[in-house]
Amino acid sequence: MVSKTSKKRLFCGMGYREVQRSNSTRKAQLTRAQQQWLRKQGQRNVGWENIIKLYHALNDLQYDSDEPTLEELFLKAERIGNKYQTSEEIQAFNQALNAEVAAISEEIDRQFPDNSMEVIDYSKGV
């Protein structure tokens, strides 16, 4: 008698039904417009390939809506940092930053000189 032992297929540590359940709960948290967009894109929660594609699509949508951008994170960090600095410290930092930016700009101009002059005549009609 031969016993067939099938290995359970996993995706991100979850079985088929678990991924389906995860997709369903995460999809229910989306707006109606996002759900309709997924439907129009042909995203389905049936079949291994489809549930994996839907899982990734939901991750992309969730990342786009929930996560702050890198710029927002830097601005928030700057606001928090400014709370703990005196105005003299902030001014000294800004002066040092301006000096560094000027030095970098001079170095770029030295390495990549732009000797040609560009003239644009806006007086002529197109």
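Bear in mind that the values here come from a model prediction, so they are computed numbers and not experimental data. Throughout this description, residue numbers start from 1 for each chain and increase along the sequence as written. In view of the model being predicted, local features appear only for residues whose pLDDT reaches at least 70, and side-chain atom pairs are presented and counted only at 80 or more, with totals across whole chains, interfaces and linings using the full set of residues. The side-chain quantities take in all heavy atoms of the structure and omit both hydrogens and water.

**With respect to the confidence of the model for the protein**
Detailed conclusions should not be drawn from predicted coordinates in areas where pLDDT is low. On average, the protein scores 85 in pLDDT, and the residues at 70 or more come to 90%. Across the protein, helix α5 (residues 87-111) holds the top mean pLDDT of 93, while helix α3 (residues 48-66) sits lowest at 81. pLDDT is a per-residue confidence score from the predictor, ranging from 0 to 100. Secondary structure elements are defined from DSSP: runs of H or I of at least 4 residues count as helices, runs of E of at least 2 residues count as strands, and each element is numbered from the N terminus.

**Here's the deal with the packing of aromatic side chains**
Working definition: a ring pair exists when centres of Phe, Tyr or Trp rings (six-membered ring for Trp) sit within 6.5 Å. Plane angles under 30 degrees give stacked, over 60 give edge-to-face, the rest tilted. Inspection of the entire model under this criterion finds two aromatic pairs. For the ring pair Tyr-16 and Trp-48, a centre distance of 5.4 Å and an interplane angle of 65 degrees mean the geometry is edge-to-face. Placement of Tyr-16 in helix α1 (residues 16-28) and of Trp-48 in helix α3 is noted, with a sequence separation of 32 residues between them. Each residue is assigned to one of three classes by its accessible area relative to the maximum for its type, calculated with a 1.4 Å probe on protein chains only: buried under 20%, partly exposed between the two thresholds, exposed over 50%. Taking the relative accessible area as the measure of exposure, Tyr-16 reaches 21% and is therefore partly exposed.

**A short note on the pattern of salt bridges**
When charged atoms on two side chains of opposite charge get close, those side chains can pair. For salt bridges, the criterion is a side-chain nitrogen of Lys or Arg within 4 Å of an Asp or Glu carboxyl oxygen. Counting across every chain of the model gives two salt bridges. Ionic pairing is found between Arg-9 and Glu-49, a salt bridge with its closest N-O pair at 3.6 Å. Of the two residues, Arg-9 sits in the segment before α1 while Glu-49 sits in helix α3, which places them 40 residues apart along the sequence. Residue Arg-9 is classed as partly exposed on the basis of its relative accessible area of 44%. Judged by its relative accessible area of 51%, Glu-49 is exposed. Glu-107 is the partner of Arg-110 in a salt bridge, and the nearest nitrogen-oxygen pair spans 2.5 Å. With a gap of three residues between them, Arg-110 and Glu-107 both fall in helix α5, about one helical turn apart. For Arg-110, a relative accessible area of 58% gives the class exposed.

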